[in-house]
Amino acid sequence: MYCPVCFQNTMKIRSNGVVKLAFNGKSRNNSLYTYNLQKETQEQLLAKLRDKVVDFFSFYSEFNNKTPIKNFEVYSADFMCSNGCKIDVMSTKVSVVGVIYTKAEVKALLLAEGKKFGIDIEVNLES
Ligand SMILES: [Zn+2]
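Residues numbered from 1 in each chain as written. Predicted model: local features only at pLDDT ≥ 70, side-chain atom pairs only at ≥ 80, totals over all residues.

Q: Describe the overall build of the chain, naming the residues involved and giving the relevant values.
A: Helix and strand content of the chain: two helices and six strands. Traced from its N-terminal end to its C-terminal end, the chain shows the element sequence β-β-β-α-β-β-β-α. Computed over its C-alpha atoms, the radius of gyration of the chain comes to 15 Å, within 12% of the 14 Å expected for a compact globule of 127 residues. Principal-axis analysis of the C-alpha atoms gives the chain an extent of 50 × 30 × 25 Å. Buried positions account for 18% of the 127 residues belonging to the chain. Nonlocal contacts in the chain, meaning residues at least 24 apart in sequence, comprise 61% of its contacts between residues at least 6 apart. (Helix = DSSP H or I, 4+ residues; strand = E, 2+ residues; numbered from the N terminus. Rg over C-alpha atoms; globule rule 2.2 N^0.38 Å. Buried ≥ 20, exposed ≤ 12 C-beta atoms within 10 Å, placed from the backbone. Contact = placed C-beta atoms within 7 Å.)

Have a look at this one:
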């Protein structure tokens, strides 16, 4: 992964940190969770993601005009560069799709939960 400071392919996710979510650019105050890649299984990490997606969807499903979810971000600032670059935690948003979760896992989860709550999912995770 490329470092935003030195532009070298030297960025790695920290073994533990915080993941944040945004749906069409919106988040709830609690749309975040901690992860620990050394202690948690993939199932546990997916369960945490699912909990927060469900939390947001149950809130969003109350809206009268629900626009489809076209943009979904699951990201973290807990990355480090092996060149020792200082990563700005406030402005760094690095997607963890392809790092913690696969695109297929994220898409399947969104589609399944969207269906339960009557929310259309038109997310393109290729970006
Ligand atoms: Zn760097």
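Further notes follow.
Q: Lay out helix H2 (residues 103-117) with the relevant residues and their values.
A: Helix length check: H2, at 15 residues, gives a terminal C-alpha distance of 21 Å against a target of 21 Å (1.5 Å per residue), a fit within 8%. Within the sequence span of H2, burial applies to Val106, Leu110 and Gly114. Buried residues of H2, seen end-on, are gathered within an arc of 55° and therefore sit on one face of the element. Across H2 from its buried face, at more than 90 degrees, point the exposed residues Ala104, Ala108, Leu111, Ala112, Lys115 and Lys116. On its buried side, H2 packs onto helix H1 (42-60) and strand S4 (72-76). Once H2 ends, the next one or two residues include Gly118, with phi positive near 70°. (Expected span 1.5 Å × (residues − 1). Arc of directions from axis to C-beta.)

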